[in-house]
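# Structure at a glance
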Number of protein chains: 2
Amino acid sequence: MSGELISYADLVALLRAVFGHNGCSEAVAAVLAENCAMGERDGSLSHGIFRVDGYLSSLASGWVDGHAEPVVEDASPAFCRADARNGFAQPALAAARPLLVEKARHNGVAVLAIRNSHHFGALWPDIEPFAREGLIALSVVNSFACSVPYGAQSPVFGTNPIAFAAPRTGADPIVFDMATSSMANGDVQIAAREGRQLPPGSGVDSQGRPTTDPNAVLNGGALVPFGGHKGSALSMMIELLGAALTGGKFSFEVDWSEHKGAQTPHTGQLLIVFDPAFGGGLPFADRANDLVARMREAGLTRLPAERRYRHRREAETTGIPIAPTALARLRALAG
Amino acid sequence: MSGELISYADLVALLRAVFGHNGCSEAVAAVLAENCAMGERDGSLSHGIFRVDGYLSSLASGWVDGHAEPVVEDASPAFCRADARNGFAQPALAAARPLLVEKARHNGVAVLAIRNSHHFGALWPDIEPFAREGLIALSVVNSFACSVPYGAQSPVFGTNPIAFAAPRTGADPIVFDMATSSMANGDVQIAAREGRQLPPGSGVDSQGRPTTDPNAVLNGGALVPFGGHKGSALSMMIELLGAALTGGKFSFEVDWSEHKGAQTPHTGQLLIVFDPAFGGGLPFADRANDLVARMREAGLTRLPAERRYRHRREAETTGIPIAPTALARLRALAG
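Computed from a prediction, not measured in an experiment: that's the story for all the values here.

When you go through chain A residue by residue, the secondary structure sums to 11 helices and 12 strands. At 20 Å, chain A has a C-alpha radius of gyration in line with the 20 Å of a compact globule built from 335 residues. Dimensions of chain A along its principal axes, counting C-alpha atoms only, are 50 × 50 × 45 Å. Out of the 335 residues belonging to chain A, those deemed buried represent 60%. Across chain A, contacts joining residues at least 24 apart in sequence account for 68% of those joining residues at least 6 apart. Between the mean site of the 28 positive side-chain charges and the mean site of the 33 negative ones, chain A shows a separation of 4 Å.

Below, the structure is given as structure tokens:
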């Protein structure tokens with residue numbers, strides 16, 4: 001990819017200024033800037049600087065509070081909650097994280113239930129750090145109604161991602177982050193922008209007919225869950241864990257009709273963190289290596305996060321390539 | 001379906017005698033009999049009396065210990081383990097269940113990690129009872145290498161089911177139980193027995209070529225994960241949670257070559273139980289009803305467990321229909 005090269009630190013600083021000049025407190029700007037820069041650094045382009053316009057549009061609409069101060073609630077030795085107070089989910093996670101880790105280390109498992117929160121980023125940045133500390137983390141978040149349950153005719157579920165991170169000995173963690181819809185919304189938007197068709201089976205148009213046209217999906221159409229009735233069941237589970245358990249809104253309850261330009265779903269997020277030291281076997285991170293070794297023997301050439309790690313290494317060496325027009329725009333937005 | 005009609009209680013008693021006369025202690029026979037009878041009662045035929053031959057064959061081979069007494073380990077206020085001691089997983093769950101429920105009620109979340117265990121039944125009977133007590137339950141279990149990871153050439157993962165149960169107000173719980181392979185092994189066996197082809201994309205033959213022939217899958221071939229790379233990632237997660245975290249064996253480590261007739265995978269199982277009273281919102285079971293109502297409005301005609309519940313009601317009214325030859329065989333096996 002051609003483009004100007006910028007270091008991760010400089011991109012974070014630039015994005016911090018962008019968010020800080022467009023409706024976010026310093027604390028929120030810092031968290032969103034890191035999240036967004038990590039996506040760009042790792043080649044996860046649908047969750048990198050591509051997202052800035054959506055964030056700013058949502059902030060300008062008054063739909064999300066960029067100055068919200070999350071409130072952490074200590075519910076039990078293994079359960080904590082965070083009320084994001086109509087702010088973003090990531091600052092709520094940042095606020096609750098020390099307590100969550102302490103609970104997981106003391107009990108072997110701990111839960112963080114975030115509600116009243118907007119999640120507009122990738123999920124892997126939320127969970128990879130736990131695995132780098134030797135913990136296992138699982139997170140789900142629901143979004144806005146854009147996916148038609150298997151056997152139904154209109155959208156109910158969000159893209160509803162599930163992400164998982166597990167430590168390995170002497171290697172980058174095993175991490176995956178996947179929409180339980182056929183695709184992530186960001187990828188549909190990028191396909192539309194680039195004039196590409198979607199893979200067959202990705203979505204339906206406004207009449208409920210299968211389509212591969214990203215514009216038809218975005219304009220009155222919808223996605224479908226991945227993997228038929230099974231992906232649909234998982235998406236339903238994510239509504240129940242991400243919204244009903246946390247106290248957030250279901251995807252179908254997100255009503256931003258009074259906030260023109262709103263794009264950030266106002267729902268909930270659940271995190272489950274395990275300390276594998278409480279498990280009943282050999283050291284988990286060694287066992288994870290055993291599994292990876294066997295998968296390689298079976299011919300697997302790429303683990304889920306390896307493309308991101310490769311991009312990350314390149315970015316650390318040479319910088320992050322960004323199109324000059326995109327960079328100029330960010331600089332203008334930074335004031 | 002034609003056949004002799006037998007009450008659930010009578011079928012449980014009959015199966016108890018079958019297991020008791022074929023290598024199981026009274027305690028183990030009681031648990032397996034209920035599990036097996038529940039499958040038959042609910043029309044979940046691949047996990048009903050169809051499984052008896054596999055159980056008995058495994059018991060006769062010396063691969064699994066039908067007299068094992070599980071040992072429960074209290075690891076923390078929210079984490080318990082069970083060593084099934086080379087016995088079945090369900091008696092280990094039964095032994096640990098009171099402790100697990102108490103932990104979940106006190107902490108909002110609790111984990112049970114079962115290792116050194118054989119799971120040969122459906123998963124939903126393990127978790128539905130939690131939802132009937134107002135709790136949310138999630139369980140995963142790995143099995144034996146019979147599914148080829150996405151992007152690999154030979155089997156590494158098991159059918160690796162994930163099951164989830166959540167309470168509703170005034171209605172049967174929401175329950176699903178699904179293999180993360182394209183199909184469950186029992187369903188492949190039933191298709192082979194009945195001379196049916198598998199749906200396209202279910203598996204590969206011994207040369208790694210796609211096939212719809214169940215015999216080709218069973219004889220040197222393999223299944224594939226459902227939903228491509230996403231189902232494959234979930235299957236990998238289930239190896240890590242079901243085996244690496246619990247201390248059980250990975251599916252690819254199951255080596256029953258010295259035990260002719262062995263069929264029960266000797267691995268591990270993880271259960272996570274939440275008490276939704278610790279969540280941050282309105283009563284969970286009411287919220288679950290809101291979601292179901294919206295799914296129905298969207299045109300959904302059947303929730304995942306509804307077919308089972310319908311069979312169950314019929315069985316409660318008229319009895320469970322079983323082919324006379326099958327019933328005669330069970331009576332012979334019961335001694």
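The subject of this paragraph is helix H3 (residues 52-61) of chain B. All names here are of chain B. Counting buried positions over the 10 residues of H3 gives seven, a clear majority of the element. Looking only at H3, the buried set comprises Val-52, Gly-54, Tyr-55, Leu-56, Ser-58, Leu-59 and Ser-61. Those residues of H3 that are buried lie in contact with helix H1 (8-20), helix H2 (26-41), strand S3 (79-88), helix H4 (89-107) and helix H11 (324-333). Following H3 by one or two positions, Gly-62 has its phi on the positive side, about 80°.

This part covers the environment of Leu-300 of chain A. As for its placement among the helices and strands, Leu-300 of chain A is situated in the loop between helix H9 (284-297) and helix H10 (306-318). Looking at Leu-300 of chain A, the relative accessible area reads 8%, which means it is buried. Once residues within four sequence positions are removed from consideration, Leu-300 of chain A is found in contact with Met-295 of chain A together with Pro-149, Tyr-150, Gly-151 and Ala-152 of chain B.

Right, let's get into the packing of helix H2 (residues 26-41) of chain A against helix H4 (residues 89-107) of chain A. All names here are of chain A. At a minimum axis separation of 9 Å, H2 and H4 run at an interaxial angle of 105°. Judged on the interaxial angle alone, H4 and H2 are roughly perpendicular. On H4, the residues that touch Val-28, Val-31, Leu-32 and Asn-35 of H2 are Gln-90, Pro-91 and Ala-94. Residue composition of the contact of H2 with H4, grouped by class: five nonpolar, two polar and no charged.

Bringing the relation of the copies chain A and chain B into the picture now. Rotating chain A by 180° about the axis while translating it 0.0 Å along that axis superimposes it on chain B, leaving an RMSD of 0.0 Å. The operation mapping one copy onto its partner corresponds to a two-fold rotation axis. Nearest to the rotation axis, the C-alpha of Gly-227 of chain A is located 2.1 Å from it, this being the minimum over chain A. Residue by residue, 100% of the interface of chain A is reproduced at the interface of chain B, so both copies engage with the same surface.

Turning next to the pairing of strand S7 (residues 171-179) of chain A. Residues and elements named next belong to chain A. Both strand S6 (residues 161-168) and S7 contribute to a ladder of seven bridges, which runs antiparallel. Residue pairing in the sheet places Phe-164 in a bridge with Phe-176 of S7. Hairpin connection from S6 to S7: two residues lie between these consecutive antiparallel strands, with Gly-170 at a positive phi of about 65°.

This brings us to the pattern of salt bridges. Counted according to the given criterion, the structure contains 42 salt bridges over all chains. With a closest N to O distance of 2.4 Å, Asp-172 of chain B and Arg-313 of chain B form a salt bridge. One end of the pair, Asp-172 of chain B, is in strand S7 (residues 171-179); the other, Arg-313 of chain B, is in helix H10 (residues 306-318), with 141 residues separating them in the sequence. The exposure class of Asp-172 of chain B is partly exposed, given its relative accessible area of 21%. Residue Asp-290 of chain B is joined to Arg-287 of chain B by a salt bridge in which the shortest nitrogen-to-oxygen separation is 3.3 Å. Note that Asp-290 of chain B and Arg-287 of chain B are positioned in helix H9 (residues 284-297) at a spacing of three residues, about one turn of the helix. Take Asp-290 of chain B: its relative accessible area is 34%, and that puts it in the partly exposed class. The structure contains a network of salt bridges with shared partners spanning Arg-41, Asp-42, Glu-128, Arg-132, Asp-172, Arg-312, Arg-313 and Glu-316 of chain A.

This paragraph deals with the packing of aromatic side chains. Residues and elements named next belong to chain A. Under the defined criterion, the tally for this structure stands at 17 aromatic pairs over all chains. Between the aromatic rings of Tyr-55 and Phe-120, the centroid separation amounts to 5.0 Å while the plane-to-plane angle is 85°, which identifies the pairing as edge-to-face. Placement of the pair is Tyr-55 in helix H3 (residues 52-61) and Phe-120 in the loop between strand S4 (109-118) and helix H5 (124-132), with a sequence separation of 65 residues. Here Tyr-55 and Phe-120 have matching classes, each one buried. Aromatic side chains Phe-250 and Phe-252 sit 5.6 Å apart centroid to centroid with 10° between the ring planes, which places their arrangement in the stacked category.

Each value, and the rule that gives it
- Residues numbered from 1 in each chain as written.
- Chains lettered and ligands numbered in written order.
- Predicted model: local features only at pLDDT ≥ 70, side-chain atom pairs only at ≥ 80, totals over all residues.
- Heavy atoms only, no water.
- Helix = DSSP H or I, 4+ residues; strand = E, 2+ residues; numbered from the N terminus.
- Rg over C-alpha atoms; globule rule 2.2 N^0.38 Å.
- Buried < 20%, exposed > 50% of the residue type's maximum accessible area, 1.4 Å probe, protein only.
- Contact = heavy atoms within 4.5 Å.
- Lys, Arg positive; Asp, Glu negative; His and termini not counted.
- Charge placed at Lys NZ, Arg CZ, Asp CG, Glu CD.
- Axes fitted to C-alpha atoms, helices over the stretch in contact; angles between N-to-C directions.
- Parallel < 35°, antiparallel > 145°, perpendicular 65-115°, else oblique.
- Nonpolar A, V, L, I, M, F, W, Y, C, P; charged D, E, K, R; others polar.
- Least-squares fit on C-alpha atoms with pLDDT ≥ 70 in both.
- Pairing = 2+ DSSP bridges.
- Salt bridge = Lys/Arg side-chain N within 4 Å of Asp/Glu carboxyl O.
- Phe/Tyr/Trp six-rings, centres within 6.5 Å; stacked < 30°, edge-to-face > 60°.

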